[in-house]
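If you want the building blocks of each chain, they are given just below.
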Amino acid sequence: MTVKLLTVGLIGAGRIGRLHAHHLMRRLSHVRLLAVADACAEAAESCARECGIPRFCSNYQEILADPQIKAVLICSPTATHAQLIQEAARSGKHIFCEKPLALDLETIDRALAAVEQAGVKLQTGFNRRFDANFRRVRWAVEQGEIGAPLMLHITSRDPAPPSAAYLRISGGLFLDMTIHDFDMARFLLGSEVEEVFALAHSQGEPEITLAGDVAHAAVMLRFANGAIATISNSRRARYGYDQRIELFGSEGSIAIDNVYPNTAVISDRHGVRRDLPAHFFMERYAESFAAELQAFVDAVLDDRPVPVSGYDGRVPVAIALAAQRSLEEHRPVFLREIT
């Protein structure tokens, strides 16, 4: 029996691109990574050498023009995502693209139209949907295990902010960081956001202020099914990567805690303590990154819908834009004002 194999090209050899390359080359089944491209030739060469990728180049057009490559992973800077989606679609390649698809809805819509016209698949890189802990919460909702969902609280805090240079091109906290939480709220509650209210500031973070961004935010979401979600964000949690959820329902609640490097708890006369949680997303979500790529590979090979669609990539951007408007105008914003 012939084993189906998906041939892939990688565009972008930065931190997330290298992580995906590692998984494609060493962990996933029925896939072969043939080439990596990066505008920085040294980065592409380094990634190829480190992961054992057969070819590297500085021009992504070489990947799009290669008839052997049937799918591409877009892991380049955010500003390039939509254009690369359109070019890849016109080249007949199936597409996995990191979030966000773009920083405005008009650009996203052009990209999605190109994908639909070409008849290729597009999966958005919201890896947290594939985390075993979050999927357990979603299963509890689907099974009615805690009754009707009433209140969702998401805590999502990074250990340290990115560089000022990155902040200036990131699109801001809501589009760069909170976008994961907007997607997670939709995923867990199985409903759509109707109204958004946001508060934020940059106390203690002058570099973030100078970059025109905010460092700490609280966002409230009202959903069509009546549930309310609150999101607590920070660019700097000195104790590590803080990723927790509590969902309260009519018949009970379900919560997930941070992931720790071990389960040891030390108790002595000074108190009870344990080691710090996983330091950042590369450690906390390592398994989910591999799982999302395997899901993409399987969807292409089996010709079935991808689990996180282009529409799923569009909606969190709309919510982020509503949050930005709410912060600027000091009022709740209905999503219909944005979309």
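Fair warning: this is a prediction, and the values are worked out from it, not measured in the lab.

Novice: Help me understand the overall build of the protein chain in this model?
Specialist: From N to C terminus, the protein chain includes twelve helices and 15 strands. For a compact globule of 339 residues, the expected C-alpha radius of gyration is about 20 Å, and the protein chain comes in at 20 Å, within 12% of that figure. Its C-alpha atoms put the protein chain at 60 × 55 × 50 Å along the principal axes. Out of the 339 residues in the protein chain, the part that is buried amounts to 54%. A sequence separation of at least 24 residues applies to 71% of the contacts in the protein chain between residues at least 6 apart. When the accessible surface of the protein chain is summed, it comes to about 15,400 Å², and 53% of that surface belongs to carbon and sulfur atoms. Here the protein chain contributes 36 positively and 41 negatively charged side chains, and the mean placements of these two sets differ by 3 Å.

Novice: Explanation requested: the nonpolar core in the structure shown.
Specialist: Nonpolar side chains tend toward joint burial in soluble globular proteins. Of all hydrophobic cores here, the largest spans 108 residues; its most connected members are Ile95 and Leu221. With eleven residues, the top contributor of residues to this core is helix H8 (residues 173–189).

Novice: Looking at this structure, I do not really get helix H5 (residues 105–118). What am I missing?
Specialist: In an α-helix, one turn spans 3.6 residues; hence positions three or four apart end up facing the same way. With 14 residues, H5 extends 20 Å between its outermost C-alpha atoms, agreeing within 8% with the 20 Å of an ideal straight helix rising 1.5 Å per residue. Turning to H5, its buried residues number three or more, namely Leu105, Thr107, Ile108, Ala111, Ala114 and Val115. Where H5 is buried, its residues touch helix H4 (81–90), strand E5 (94–98), strand E6 (122–125) and helix H12 (310–329). By the N-cap criterion, in which a side-chain oxygen at the helix start approaches the backbone nitrogen of a residue two or three places on, H5 is capped by Asp104, the distance to Glu106 being 3.3 Å. In the stretch just after H5, Gly119 is the one whose phi turns positive, near 70 degrees.

Novice: I would appreciate a short explanation of the side chain of Arg284 in the present structure.
Specialist: Within the secondary structure, Arg284 sits in helix H10 (residues 281–284). Residue classification places Arg284 among the buried positions, given a relative accessible area of 7%. Reaching out from Arg284, the side chain makes a polar contact with the side chain of Asp131 at a distance of 2.8 Å. If sequence neighbours within four positions are ignored, Arg284 has contacts with Asp131, Asn133, Phe134, Tyr241, Gln243, Val259 and Ala278.

Novice: What is the right way to read the packing of helix H1 (residues 15–26) against helix H11 (residues 286–302) from this model?
Specialist: For any two helices packed against each other, the geometry comes down to the angle between their axes and how far apart the axes lie. Axis separation between H1 and H11 bottoms out at 10 Å; the angle between their running directions is 70 degrees. Of the possible angle classes, the one that applies to H1 and H11 is roughly perpendicular. Note on packing geometry: the crossing formed by H1 with H11 is right-handed. Of the residues in H11, those in contact with Ile16, Leu19, His20, His23 and Leu24 of H1 are Ala286, Phe289, Ala290, Glu292 and Leu293. For the contact of H1 with H11, a count of residues per class yields seven nonpolar, two polar and one charged.

Novice: Can you help me understand the sheet that holds strand E7 (residues 149–157) in this one?
Specialist: Sheets are built from strands paired through backbone hydrogen bonds, the pairs being either parallel or antiparallel. Spatially, seven strands are ordered E12-E11-E7-E10-E9-E8-E15 in an open sheet, and the strand pairing comes out mixed. What marks the edges here is a single partner per strand, and that holds for strand E12 (252–256) and strand E15 (333–334). Relative to strand E11 (residues 242–249), E7 runs antiparallel, the two being bridged by eight bridges. Along E11, the bridge assignment pairs Met151 with Phe248. On the sheet, helix H6 (residues 132–142) packs against E7, E11 and E12 and is oriented at approximately 165 degrees with respect to E12.

Novice: What should I look at first to understand H8 in this one?
Specialist: The terminal C-alpha atoms of H8, which comprises 17 residues, lie 23 Å apart, in line with the 24 Å expected from a rise of 1.5 Å per residue. Maximum bend of H8: about 55 degrees, positioned at Ile179. Following H8 by one or two positions, Gly190 has its phi on the positive side, about 65 degrees.

Novice: Explain the environment of Ala185 to me, please; I cannot follow it from the model alone.
Specialist: Following the sequence through the fold, Ala185 ends up in helix H8. When the C-alpha positions of Ala185 and Ala237 are compared, they lie 21 Å apart, and in sequence the two are 52 residues distant. Look past the residues within four positions of Ala185 in its chain and what remains in contact with it is Leu152, Ile154, Leu221 and Phe223.

Novice: Would you take a moment to explain the side chain of Arg235 for this structure?
Specialist: Within the secondary structure, Arg235 sits in the loop between strand E10 (228–234) and E11. For Arg235, a relative accessible area of 1% corresponds to the buried category. Polar contacts involving the side chain of Arg235 include one to the side chain of Asp176, which spans 3.0 Å.

Novice: Teacher, can you tell me more about unusual backbone geometry here?
Specialist: Glycine aside, a negative phi is what most residues show, and trans is what most peptide bonds show. Going from Lys99 to Pro100, the amide bond is cis rather than trans, its omega being -15 degrees. Counting through the fold element by element, Pro100 comes out in the loop between E5 and H5. Even without being glycine, Asp303 reaches a positive phi, approximately 50 degrees. Residue placement: Asp303 occurs in the loop between H11 and H12. A relative accessible area of 61% means that Asp303 is categorised as exposed. For His330, which is not glycine, the phi dihedral falls at a positive 55 degrees. Inspection of the secondary structure puts His330 in the loop between H12 and E15. Given a relative accessible area of 68%, His330 falls into the exposed group.

Analysis parameters
- Residues numbered from 1 in each chain as written.
- Predicted model: local features only at pLDDT ≥ 70, side-chain atom pairs only at ≥ 80, totals over all residues.
- Heavy atoms only, no water.
- Helix = DSSP H or I, 4+ residues; strand = E, 2+ residues; numbered from the N terminus.
- Rg over C-alpha atoms; globule rule 2.2 N^0.38 Å.
- Buried < 20%, exposed > 50% of the residue type's maximum accessible area, 1.4 Å probe, protein only.
- Contact = heavy atoms within 4.5 Å.
- Areas by Shrake-Rupley, 256 points an atom, 1.4 Å probe, with all protein chains shown as cover.
- Lys, Arg positive; Asp, Glu negative; His and termini not counted.
- Charge placed at Lys NZ, Arg CZ, Asp CG, Glu CD.
- Core = buried A, V, L, I, M, F, W, Y, C linked by side-chain atoms within 4.5 Å.
- Expected span 1.5 Å × (residues − 1).
- Polar contact = N/O pair within 3.5 Å; in protein donor to acceptor, adjacent residues only side chain to side chain.
- Axes fitted to C-alpha atoms, helices over the stretch in contact; angles between N-to-C directions.
- Parallel < 35°, antiparallel > 145°, perpendicular 65-115°, else oblique.
- Left-handed = near helix turned anticlockwise from the far one by under 90°.
- Nonpolar A, V, L, I, M, F, W, Y, C, P; charged D, E, K, R; others polar.
- Pairing = 2+ DSSP bridges.
- Bend = angle between axes of the 7 residues up to and from the residue.

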